[in-house]
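If you want the building blocks of each chain, they are given just below.
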Amino acid sequence: MSILVNKDTRLVVQGITGKTGTFHSKQCLEYGTNIVAGVTPGKGGQTWEDSVPVCNTMAEAVREHGANASVIYVPPAFAGDSILEAIEAEIPLVICITEVVPVRDMAEIRRRLYFKNTKTRLIGPNCPGIITPGECKIGIMPGYIHKPGRVGVVSRSGTLTYEAVWQLTQRGHGQSTCIGIGGDPINGTSQTDAIRMFNEDPETDAIIMIGEIGGSAEEEACEYIKAHVKKPVAGFIAGASAPKGRTMGHAGAIVSASGAGTAEAKFDAMEDAGVAIARNPSEIADALLSIYKG
Amino acid sequence: MNIHEYQAKRLLNEYGIPVPKGYAAQTSREVTTAIAHLGETQKVVVKAQIHAGGRGKGTFTDGFQGGVKLVDGREAALETANRMLGNTLVTKQTSPAGRKVQTIYFTEACEIQHEYYLAIVLDRESAQTVIIASTEGGMDIEEVAESSPEKIVRVPISTTMGLRHHHCRRVAFELGFSGDQIKQFARLLTGLYKLYWENNAMLVEINPLITTDRGDLMALDAKMTFDGNAIFQHPRIQQLRDLNEEDPKEIEASEHNLSYIALDGNIACLVNGAGLAMATMDIIKSCGGEPANFLDVGGGANEDQVTAAFKIILSDPKVEGILVNIFGGIMKCDVIARGIVAAARNVDIQVPLVIRLEGTNVEAGKAILKESGIACTPADSLAQAAEIITAQVNS
């Protein structure tokens with residue numbers, strides 16, 4: 001009942017021996033995620049926390065331990081290279097948590113993902129990760145706010161996603177999978193990609209899309225929704241009160257001087273696509289439940 | 001990260017791109033020295049240096065018109081510079097409060113035959129480098145894109161292949177250059193691409209690029225933006241950062257790894273996460289309040305950072321109330337609660353404080369706040385928190 005990750009996911013952690021990697025890997029293990037290996041160049045052969053074998057390379061992690069998903073916690077200067085290493089190892093799914101990755105690195109990776117022989121989907125960077133409640137948690141989100149169920153959640157934000165998920169859980173509605181696609185302008189998985197996967201997933205009955213000002217990812221997703229999605233969709237856009245020309249924390253969250261990327265334009269696109277709109281972040285779950293009874 | 005025109009022109013010059021001779025000055029002594037370099041009766045352009053466009057059509061707060069002036073000779077240059085230096089310039093790209101002018105740039109004037117636009121930009125939508133050029137230079141390129149999009153040439157450049165001769169030729173011919181100008185343009189574009197590539201620029205823009213009365217190419221104005229995420233690889237560019245162009249509260253925040261943006265309202269907010277911080281501003285506004293700032297304390301803020309955040313918020317005299325909204329994930333609510341208590345003891349908070357905690361260790365966090373006895377109103381949801389703070393501030 002999910003997309004991308006489930007109980008069969010075999011995770012490798014890139015940067016497992018670092019402080020951040022160690023902290024979050026412990027939380028994911030506790031949640032029940034199957035971590036089969038870690039990668040820290042030069043520490044191959046060691047065992048992390050007496051339980052997970054450490055490899056020198058991604059190729060080794062895939063070959064020796066059958067890893068089929070990876071999560072990246074390495075510092076920004078090296079994150080781009082780590083993503084490329086994972087792509088070359090032909091791992092199907094890479095989740096990059098690291099923020100402030102140089103933009104040119106992301107541009108090169110984006111072009112690399114377009115190659116015909118690419119076998120990898122990238123989520124992130126600058127994202128909380130992905131969770132299929134009750135089965136597999138990859139990333140930095142608090143596990144307990146989630147509950148297994150049939151609502152798919154996709155978002156550019158981290159804590160705002162927790163807010164929406166918590167609203168759903170408190171109202172008795174679980175989630176099939178929750179994906180944080182990240183707040184950067186150049187990322188691996190778009191709102192549209194996630195919504196397409198939720199639409200095709202027989203175990204997902206309804207979708208929540210959380211967007212932010214800047215770019216046109218939500219407008220594109222709305223075009224897709226209008227043409228293809230019959231499942232109920234609710235949405236919220238953060239940043240209606242943000243001034244023009246300023247980057248609001250997330251590099252992608254900026255209304256350009258010419259006025260492109262406003263919350264209003266995105267709300268209009270959602271309205272046009274028949275998406276139930278939450279004008280207020282505390283009403284995200286209620287907006288969905290107004291059109292979906294579960 | 002943005003830099004000033006005079007800094008951009010120095011970089012252009014280093015990469016072999018012709019620019020008019022120019023001299024920058026930050027004090028009246030430097031103004032005198034700069035002017036001594038100019039000819040007695042020469043035509044001079046006096047340019048106020050701020051990180052915002054529209055300077056020529058801007059107005060100083062004392063009524064003086066224009067941040068870019070063409071004047072005759074040293075004396076007029078001196079007089080104009082004195083009117084600009086230390087004065088505050090308001091343009092359509094600055095806030096209504098304007099920007100204080102702390103640097104003046106004098107350049108030799110030249111005869112203009114035609115003005116062009118030329119830029120290299122990392123296009124976020126297509127994730128590639130694009131050359132943008134137009135025969136309609138000297139004006140806002142976004143206006144040209146709107147009114148006559150057919151006059152804009154866009155040439156994508158492969159990251160792996162880089163700029164090639166055929167790209168240069170194509171843009172040169174599209175702009176209508178001929179003869180020696182094509183060679184000049186190829187050299188210029190090659191230099192500009194090198195500058196863009198070697199320094200991780202997001203945008204290098206020459207507007208206008210001109211042909212002089214003799215038909216030679218020259219960069220008359222320039223704007224550059226560099227990727228802040230990659231700046232650690234370019235200490236030389238980092239040195240060009242001008243802290244005078246930034247809000248002191250924003251500088252202070254960045255030193256504590258906080259993401260803060262000053263706004264015009266009176267309700268401050270302190271939030272973890274950029275998306276939730278924006279959403280908190282939005283809900284304050286929808287409750288009839290005005291947010292005083294955007295503030296994201298990040299995923300792992302400690303006691304010191306929370307204290308610093310409160311100090312920064314309270315240094316804004318407009319603030320009449322504070323809304324703290326934390327959804328603890330990695331950040332545990334008890335840790336943030338201890339931070340708030342410590343901050344409340346260190347910083348004198350004289351305005352209403354509403355705190356909404358949710359997520360990891362929320363009960364422990366609420367207990368810490370209650371036991372501390374600090375003056376604050378707890379809220380159970382984001383909606384409730386926003387309603388309480390706006391009611392308290394507006395009453």
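Notes on the structure in this doc start here. This is a predicted model, so every value here is computed, not measured.

## Some thoughts on the environment of P18(B)
And step 1. Looking at the element boundaries, P18(B) is found in the loop between α1 (5-14) and β1 (22-25).
And step 2. A relative accessible area of 35% places P18(B) in the partly exposed class.

## So, the pairing of strand β2 (residues 35-39) of chain A
Residues and elements named next belong to chain A.
And step 1. Counting buried positions along β2 yields 5 of 5 residues, so the element is predominantly enclosed.
And step 2. Direction of pairing for strand β1 (residues 11-14) relative to β2: parallel, over a ladder of 4 bridges. Residue pairing across strands places L11 opposite I35, the latter belonging to β2.
And step 3. Chirality of the crossover, the property in question, places the unit of β1, helix α1 (residues 19-31) and β2 among those that are right-handed.
And step 4. Judged from the 2 bridges that link them, β2 and strand β4 (residues 52-55) form a sheet pairing that is parallel. Directly across from V39, in β4, lies its bridge partner C55.

## A short note on the packing of aromatic side chains
Residue and element names in this part refer to chain B.
And step 1. Considering all chains together, one arrives at 8 aromatic pairs over all chains under this definition.
And step 2. Ring geometry for F177 against F185: centres 5.5 Å apart, planes inclined by 40°, an arrangement best described as tilted.
And step 3. For F177, a relative accessible area of 3% corresponds to the buried category.
And step 4. Both rings, one in Y193 and one in Y196, keep their centres 5.9 Å apart while their planes meet at 35°; by these two values the pair is tilted.

## Brief notes about the sheet that holds strand β4 (residues 68-72) of chain B
Residues and elements named next belong to chain B.
And step 1. Pairing in this open sheet of 4 strands is antiparallel, and the strands run β1-β7-β2-β4 from one edge to the other. Either end of the sheet is taken by a strand with one partner, and the two such strands are β1 and β4. Geometrically, the sheet is characterised by an average inter-axis angle of 20° between neighbouring strands, direction not taken into account.
And step 2. Pairing geometry for strand β2 (residues 43-48) and strand β7 (residues 104-108), over 5 bridges, is antiparallel. Its bridge partner being in β7, V45 is matched across the sheet by T107.
And step 3. Along the sheet, α1 makes contact with β1, β2 and β7, crossing β7 at roughly 45°.
And step 4. Strand contacts of helix α2 (residues 28-36): β1 and β7, with the helix running at about 170° to β1, the strand carrying the most contacts.

## A look at the pattern of salt bridges
And step 1. Tallied over the full model, the rule gives 35 salt bridges over all chains.
And step 2. A salt bridge links R356(B) to E163(A); its shortest N-O distance comes to 2.8 Å. Taken together, the residues R356(B) in strand β18 (residues 353-359) and E163(A) in helix α5 (residues 159-170) connect one chain to another. There is no split in this pair, since R356(B) and E163(A) are both buried.
And step 3. Between E143(B) and K92(B) there is a salt bridge; the shortest N-O distance is 3.6 Å. Linking E143(B) in helix α4 (residues 141-147) with K92(B) in the loop between β5 (88-90) and β6 (99-100), this pair joins segments that are 51 residues apart in sequence.
And step 4. Counted as one network, the salt bridges with shared partners bring together E5(B), K9(B), K47(B), R55(B) and D221(B).

## Some details on the state of the cysteines
Working definition: the covalent bond between the sulfur atoms of two cysteines is a disulfide.
And step 1. In total, this model carries 0 disulfides over all chains according to the counting rule given.
And step 2. Looking at the unpaired C376(B), the closest cysteine sulfur is the one in C333(B), lying at 13 Å.

## Here we look at the packing of helix α9 (residues 274-286) of chain B against helix α13 (residues 382-394) of chain B
All names here are of chain B.
And step 1. Between α9 and α13, whose axes approach to 9 Å, the crossing angle comes to 50°. When the axes of α9 and α13 are compared, the pair comes out oblique. Crossing of α9 over α13 shows right-handed handedness. Facing T280, I283 and I284 of α9, the residues of α13 in contact are L382, A383, A386 and T390.
And step 2. A per-class count over the contact of α9 with α13 returns 5 nonpolar, 2 polar and no charged.

## A closer look at unusual backbone geometry
And step 1. Note that the residue after G124(A), namely P125(A), is joined by a cis bond; omega there is 10°.
And step 2. Looking at the secondary structure, you find P125(A) in the loop between β7 (121-123) and β8 (129-132).
And step 3. The omega torsion across N207(B) and P208(B) is 5°, close enough to zero to call that bond cis.
And step 4. Following the sequence through the fold, P208(B) ends up in strand β11 (residues 201-212).
And step 5. The phi angle at E49(A) is positive, at roughly 50°, despite the residue not being glycine.
And step 6. According to the relative accessible area criterion, E49(A) is partly exposed, its value standing at 43%.
And step 7. One non-glycine residue, N126(A), adopts positive backbone phi at about 55°.
And step 8. Topologically, N126(A) is positioned in the loop between β7 and β8.

## Topic: the sheet that holds β6(B)
Strand pairing in a sheet is mediated by backbone hydrogen bonds. Such pairs are either parallel or antiparallel.
All names here are of chain B.
And step 1. Strands sit in the order β3-β5-β6 across an open sheet of 3 strands; the sheet is antiparallel. Strand pairing shows two members of the sheet lacking a second neighbour, β3 (59-60) and β6, which therefore form its edges.
And step 2. Summarising the sheet, β3 and β5 pair through 2 bridges and their orientation is antiparallel. The residue bridging F60 from the neighbouring strand is L89, located in β5.

Conventions and cut-offs
Counting from 1, residues in each chain are numbered in the order their sequence is written. The naming scheme follows written order: chains are lettered A onward, ligands numbered 1 onward. For a predicted model such as this one, the threshold for reporting local features is a pLDDT of at least 70, and the threshold for listing and counting side-chain atom pairs is 80 or more; totals across whole chains, interfaces and linings nevertheless cover every residue. With hydrogens and water excluded, all non-hydrogen atoms of the structure serve as input to the side-chain values. Labels follow the DSSP assignment, with helices taken as runs of H or I lasting at least four residues and strands as runs of E lasting at least two, numbered in each case from the N terminus. To sort residues, take the accessible area from a 1.4 Å probe on protein chains only and compare it with the maximum for the residue type: under 20% means buried, over 50% means exposed, and anything in between is partly exposed. One bridge is not enough; two strands pair if DSSP finds at least two bridges between them. Call a crossover right-handed when, viewed with both strands pointing away from you, the route from the first strand across the helix to the second goes clockwise. Each Phe, Tyr or Trp ring (for Trp, its six-membered ring) is paired with any other whose centre lies within 6.5 Å, and the angle between the two planes then decides the class: stacked below 30 degrees, edge-to-face above 60, tilted in between. In this description, a line fitted to the C-alpha atoms serves as the axis of each element, helices being fitted only across the stretch in contact, and the angle between N-to-C directions of two axes falls anywhere from 0 to 180 degrees. In what follows, a contact means two residues having at least one pair of non-hydrogen atoms within 4.5 Å. The salt bridge definition used is simple: a Lys or Arg side-chain nitrogen within 4 Å of an Asp or Glu carboxyl oxygen. Criterion for a disulfide: a pair of cysteine sulfur atoms within 2.5 Å. Just so you know how the angles are binned, under 35 degrees is roughly parallel, over 145 roughly antiparallel, 65 to 115 roughly perpendicular, and the rest oblique. Left-handed describes a crossing whose near helix is turned anticlockwise from the far helix by less than a right angle; the clockwise case is right-handed. The nonpolar class holds Ala, Val, Leu, Ile, Met, Phe, Trp, Tyr, Cys and Pro. Asp, Glu, Lys and Arg form the charged class, and all remaining residues, Gly among them, are polar.

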